[in-house]
Amino acid sequence: MFDSNPDGATQAKTPHMPDDHPHVRREKVGVLLANLGTPDGYDYWSMRRYLNEFLSDKRVIDYSPWVWQPLLQVVILSKRPFSSGEAYKSIWNEEKGESPLMTITRSQTAKIRALLKDRFGDAIEVDFCMRYGSPSTKAKVRKMSELGCRRIVFFPLYPQYSGATTATANDHFFRALMEEKWQPPARTVPAYFDRPSYIDALAKSVERAYAALENTPDILVCSYHGVPQRYLNEGDPYHCHCLKTTRLLKERLGWEDSQITSTFQSRFGPEEWLRPYTVEEVARLAKNGKKRIAVIAPAFSADCIETLEEINEEIRESFEDAGGQEFTYIPCLNDDDAHMSALTEAIVENLGGWLDAGTRPGL
């Protein structure tokens, strides 16, 4: 038997409960998608709040806080919000008043929600959160709990695993669970870089892009977000995951080694990062006669500041200044149907034993 409270939510009611017992909502399974995050605006204070949260994460910057925080608060956050704000302004979705990452993640969530609802009906609740900024992981875990989600599948939308992306998203999710009175069992979806359906979606995006060009690029540059070289030495598998992504993509396309390469972008700070650096490598390619290149960013599930501004502006400029003639940026998979099917496939696997098509969870 079910009862409806004033906000219209369906709640369980059994004859075994005393009259003064709090309402218990009908049980659901939650699916919470997580992306990196976005500032609320490109003004100084919005950028400062966002950068402070991001750059204070010890998974991202693991220097001693005694050394790092004074530098961050006094020097970096006095200047960087201005330059980062200008970069965000150049790509901002003015119509919706938000960054492209927010727009795309919302669309991805809507499509995945529809796919899962078709399979599981109202037994499932699908939403998204951001590791930094809004909507916060904590707020969305709380909302899912309030909606009766007694199990949650948490999905960091990073194809390749890194401690600075997947792990910190999971950390934040687990911290949110610590504050729940009724803590739900939880599962986290692992990196999906070698999932055949993901590689196929990636390959199809390359094939579509190449088919639309008058001239075939001399080489495809797979540009991944960089991390310090030290992380690889300390056991982070990100570099290996990236190189395997490129290899699997090459094999799916049926290409030779000379037609594709891996590089790393977005270097920050003084230490050595994973090489080759994209901004330097595209210039080298141009000088060595590769006058037409295409660039794709397989580490990003959605276009964002690092792809729309850094690749399409800074990296493009480096290539053209070195003599390059034709630069093609291949967008991220975003809410492409094949991409959404691949992500949904991973979610369904992680729902195994919790939900089966056509069934509903019991109380």
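Before reading on, note that the structure itself is shown above.
What you see as residue numbers is a count from 1 along each chain, following the sequence as written. Residues qualify for local features only when their pLDDT is at least 70, as the model is predicted, and side-chain atom pairs are given and counted only at 80 or more; totals for whole chains, interfaces and linings, by contrast, use all residues. Side-chain numbers come from the whole structure's heavy atoms, not from hydrogens or water.

Caption draft 1: Structural detail: helix 11 (residues 337-350). In a regular helix each residue adds 1.5 Å, so 14 residues correspond to 20 Å; helix 11 covers 20 Å between its end C-alpha atoms and thus fits that length. Partly exposed residues are those whose accessible area sits between 20% and 50% of the maximum for their type, while under 20% is buried and over 50% is exposed, using a 1.4 Å probe and protein chains only. For helices the rule is a DSSP run of H or I covering at least 4 residues; for strands it is a run of E covering at least 2, with both sets numbered from the N terminus onward. Along helix 11, the residues classified as buried are H339, M340, A342, L343, T344, A346, I347, V348 and N350. Contacts were defined at the residue level, with two residues in contact if any of their heavy atoms lie within 4.5 Å. Lining the buried residues of helix 11 we find strand 4 (28-38), helix 3 (100-120), strand 6 (149-156), strand 7 (186-188) and helix 6 (196-211). Its side-chain oxygen at 3.1 Å from the backbone nitrogen of A338, D336 defines the N-terminal cap of helix 11. A helix is expected to span 1.5 Å for every residue after the first. Within 3.5 Å is the distance limit for a polar contact, defined as a pair of N or O atoms, with the added protein rule that one can donate a hydrogen and the other accept it, and that residues adjacent in sequence qualify only through two side-chain atoms.

Caption draft 2: Seen up close, the nonpolar core. In these notes, a set of buried Ala, Val, Leu, Ile, Met, Phe, Trp, Tyr and Cys residues joined through side-chain atoms within 4.5 Å is what counts as a nonpolar core. Ranked by internal contacts, the top residues of the largest apolar core, which has 74 residues, are V31, L116, F155, L220 and L351. In terms of residues, this core owes the most to one element, helix 6, which gives eight residues. Counting 30 residues, the second-largest nonpolar core is a separate cluster that includes L32, L36, M47 and C149.

Caption draft 3: Broad picture of the pairing of strand 10 (residues 292-296). Most of strand 10 is tucked away: four of the five residues are buried. Looking at chain direction, strand 8 (residues 219-225) and strand 10 are connected through four bridges and run parallel. Across the sheet, the residue bridging to L220 is A294, located in strand 10. Look down the strands so they point away from you; if going from the first strand over the helix to the second traces a clockwise path, that crossover is right-handed. Crossover connection from strand 10 via helix 10 (residues 305-321) to parallel strand 11 (residues 326-330): handedness right-handed. Should DSSP find at least two bridges between two strands, the strands are regarded as paired.

Caption draft 4: Just the sheet that holds strand 8, in detail. With respect to topology, four strands assemble into an open sheet ordered 9-8-10-11, the strand pairing being parallel. The sheet terminates laterally at strand 9 (260-265) and strand 11, the two strands that pair on one side only. Neighbour-to-neighbour, the strand axes of the sheet open up by a mean angle of 25°, direction not taken into account. With five bridges connecting them, strand 10 and strand 11 associate as parallel partners. Bridge pairing in strand 11 places I293 opposite F327. Every axis in this analysis is a line fitted to C-alpha atoms, fitted for helices over the stretch in contact. Angles between the N-to-C directions lie between 0 and 180 degrees. Sheet contacts for helix 9 (residues 278-287): strand 8, strand 9 and strand 10; angle to strand 9, the most-contacted strand, approximately 140°.

Caption draft 5: Focus on the packing of aromatic side chains. Ring geometry is summarised as follows: Phe, Tyr and Trp rings, the Trp one being its six-membered ring, pair when their centres sit within 6.5 Å, and such pairs are stacked at plane angles under 30 degrees, edge-to-face over 60 and tilted between the two. This model, assessed by the stated rule, comprises 15 aromatic pairs. Each ring, one from Y44 and one from W45, has its centre 4.9 Å from the other, and the planes form 85°; the classification is edge-to-face. Residue class for W45 comes out exposed when judged on its relative accessible area of 56%. Look at NZ for Lys and CZ for Arg. If either is within 6 Å of the ring centre and within 35 degrees of the ring normal, a charge sits over the ring. A cation sits over an aromatic face here: K140 above F128, 4.8 Å from the ring centre. Here the basic side chain of R187 rests over the ring of W354, its NZ or CZ set 4.0 Å away from the ring centre.

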